[in-house]
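One-letter residues, chain by chain:
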Amino acid sequence: MKLCEKNLEILFKQAIAKIDPEFSTWEKLFIQKASNEKFGDYQTNFAMTSAKEFQQAPRKTAEQIVENFPENEMIEKLEIAGPGFINIYLKDGYLADLIAKMGEEDFEFDFLDREGKVIIDYSSPNIAKRMHIGHLRSTVIGDAIKRIYLYLGYDVIADNHIGDWGTQFGKLIIGYRNWLDEEKYKKNPIEELERIYVKFANEAENNEALNDQAREELKKLHDGDEENLRLWKEFIQVSLDEYNKVYDRLNISFDEYRGESFYHDMMPGIVELLKERKLAKYSQDALVVFFPEEENLHPCIVQKKDGAYLYATSDLACLQYKKDHYQLNKAIYVTDERQQTHFKQIFKISDMLGWKINKEHIWFGIMRFKDGIFSTRKGNVIRLEELLDESVKRVKAVIEEKNPNLPEEEKAIVAEKIGVGAIKYADLSRNPQSMVIFDWDKMLSFEGNTAPYLQYTHARIKSVFRKAAEMNITFDVQDLKLLDEYDHSLALKLSQFPYAVLKAGETFKPNIIADYLFDLGQKFNSYYNQKSFLNSEGIEQNSRLALAARTAEVLAKGLDLLGIEAVERM
Ligand code: ARG
């Protein structure tokens, strides 16, 4: 089924082609939601923005469009307003039909270029450390983008680019040999790895020799020493086991775990290539890529004096691998704002190498806390698990208060879904590039743009259906009729869901979906407060229940695209 917005575009293009067969600057055709319901359902200021092309008063162009508008089933009326706006009113029948179909048929996104793989690199923690709050945004935003791209019909690979290759391994090996507490390691391996890592840092402050030893062990590892390789693999496994616990709770999964080590052997090749193409030169013994002045980019070191490769070298190898092994649609990276320069450098170098790759760095602002409760305790970072636990605990208390009769088992399940969902939503409902300030009260509130508000709206609809079933009330969405302006307005909002997802995907902004869901939730709740459902009858009752059913479906699907599970009751 075609998106409503796409159908409108097709009709307008036909009308415009009739008045000017040569017209080609199609980006001027912008049809948007009406700013106010007074002005219909959609509006376009095309006649004004294309005044130059038509060389006449915009109102005249608007009149010509309306006169030449093709026969169609979707538009009730077109109205010319002001200097040349066209207000668009949709037919109730068209909208009702679309809403009836929308649960049964998929929307078509065949106008998108979906050839090849979209590889999304996100989460990507560094091995031997538990995930902390800093990993939350990359993990959650990356996962939402994955879900959005899948909805739009792309072929997606979710890639966890774990930091499994670096100087920390030499240090860990030394720490492991010198200070490991076997008991503790058995009980909580990653906590023990963290402890010996910190211990190493403290000891090395007064003992320079330790750093030399760590470098030695790292070199042995890189040269394939069996014992060091075994330890390295063990550290990775222990870490992944821990991460997977958190990913399971977050309902997040990956297709690949290709860490930095995977690209290790490809780095000499990259360096050779950069030398051969005269893009990298020696400067103070290091091998450096310099950029044209207008790029305003710091030079990028690709190999150090001692022969060591860098983060940039590894990401270049990674990009080359993606280019050579896949038909690539897009390579997407999700990291915090501090890596902007890094990705600008990598992307620029890949352009200089003439690689034709669509690539996107999605960066996000750092997360902070409003109240002190979870602000960094001295030297300690907030672990992701602690954060989830705290949220679930708080939600549990709210459920105890609001719905004490819910069976205990269900309370726990619901608290987990809502607690985890609230954290994700607090992050995803904001523009990724804005800073997130964590505020428990706001985040867990049942009012305002929060996950619990949407969850509650969904559960409220489900409760209507539970009661309807008890009363043997049935309905059929296929018989939906829009009977007044409230039905029309709710149906219109529902029909706009796929377009919101499309925009969220195009701009990499999951918050567009969150905003949409919040609007829908508000619209539905005011509809609900105004209409009776179970005490109404016939076609009216059928239509109200049908609209409610679709609202619940869209809320659940929208939450799902944000990685949040809806609940039946709460
Ligand atoms: N491991 C890195 C970090 O923790 C993030 C990796 C992002 N992905 C990449 N291809 N560089 O900061």
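Above this text is the structure in question.
Residues numbered from 1 in each chain as written. Predicted model: local features only at pLDDT ≥ 70, side-chain atom pairs only at ≥ 80, totals over all residues. Heavy atoms only, no water.

## Some points on the environment of Pro 58
For Pro 58, the location among the structural elements is in helix H4 (residues 58–67). The exposure class assigned to Pro 58 is partly exposed, which follows from its relative accessible area of 21%. Separated by 87 residues in sequence, Pro 58 and Ile 145 place their C-alpha atoms 40 Å apart. (Helix = DSSP H or I, 4+ residues; strand = E, 2+ residues; numbered from the N terminus. Buried < 20%, exposed > 50% of the residue type's maximum accessible area, 1.4 Å probe, protein only.)

## Considering the packing of aromatic side chains
Under the counting rule described, the total for this entry stands at 32 aromatic pairs. Seen in terms of ring centroids, Tyr 122 and Phe 254 are 4.8 Å apart; in terms of plane orientation they differ by 40 degrees. Their pairing is tilted. A residue pair is termed long-range when its members are at least 10 positions apart, and Tyr 122 in the loop between strand S5 (117–121) and helix H6 (133–151) and Phe 254 in the loop between helix H11 (226–250) and helix H12 (267–276) qualify at 132 residues. The two residues Tyr 122 and Phe 254 agree in class, both being buried. Judged by centre distance (5.6 Å) and plane angle (50 degrees), the rings of Phe 497 and Tyr 516 are tilted. Placement of the pair is Phe 497 in helix H20 (residues 497–507) and Tyr 516 in helix H21 (residues 511–530), with a sequence separation of 19 residues. Assigned by exposure class, Phe 497 and Tyr 516 land together as buried. Stacked on the ring of Phe 262, the Lys or Arg Arg 258 has its end atom at 5.1 Å from the ring centre. The ring of Phe 446 has Lys 402 sitting right over it, with the charged end atom 4.1 Å from the ring centre. (Phe/Tyr/Trp six-rings, centres within 6.5 Å; stacked < 30°, edge-to-face > 60°. Lys NZ or Arg CZ within 6 Å of the ring centre and 35° of its normal.)

## Some words on the environment of Ala 51
Assignment of secondary structure puts Ala 51 in helix H3 (residues 51–54). In this structure Ala 51 comes out as partly exposed when scored by relative accessible area, which is 26%. Other than its neighbours up to four places away in sequence, Ala 51 contacts Gln 56 and Pro 58. (Contact = heavy atoms within 4.5 Å.)

## Side note on H11
An α-helical turn contains 3.6 residues, so any two residues separated by three or four positions project in the same direction. If you check H11, its first and last C-alpha atoms are 36 Å apart, about what 25 residues at 1.5 Å a residue would give, namely 36 Å. The N-capping residue of H11, defined by a side-chain oxygen 3.3 Å from the backbone nitrogen of Glu 227, is Asp 225. One or two residues past the end of H11 sits Asn 251, with phi positive at roughly 60 degrees. (Expected span 1.5 Å × (residues − 1). Polar contact = N/O pair within 3.5 Å; in protein donor to acceptor, adjacent residues only side chain to side chain.)

## Regarding the site of the ligand
Looking at the ligand, the residues that line it are Asp 121, Ser 124, Asn 126, His 161, Tyr 311, Asp 315, Tyr 333, Thr 335, Gln 339 and Phe 343. Here a nitrogen atom of the ligand and a side-chain polar atom of Asn 126 are 2.9 Å apart. Here a nitrogen atom of the ligand sits 2.6 Å away from a polar atom, N or O, in the side chain of Asp 315. When the ligand is considered free in solution it has 350 Å² of accessible area, and contact with the protein chains removes 86% of it. Looking at the shell around the ligand, the elements that each hand over two or more residues are helix H13 (311–325) and strand S10 (328–336). For the shell around the ligand, the residue count by class is three nonpolar, five polar and two charged. (Near = heavy atom within 4 Å. Areas by Shrake-Rupley, 256 points an atom, 1.4 Å probe, with all protein chains shown as cover. Nonpolar A, V, L, I, M, F, W, Y, C, P; charged D, E, K, R; others polar.)

## What about the environment of Leu 480?
Residue placement: Leu 480 occurs in the loop between helix H18 (451–470) and helix H19 (485–495). Considered as a pair, Leu 480 and Asn 7 are 473 residues apart in the sequence and their alpha carbons are 21 Å apart. Ignoring sequence-local partners within four residues, the contact set of Leu 480 consists of Ala 96, Ile 99, Asn 542, Ser 543, Ala 546 and Leu 547.

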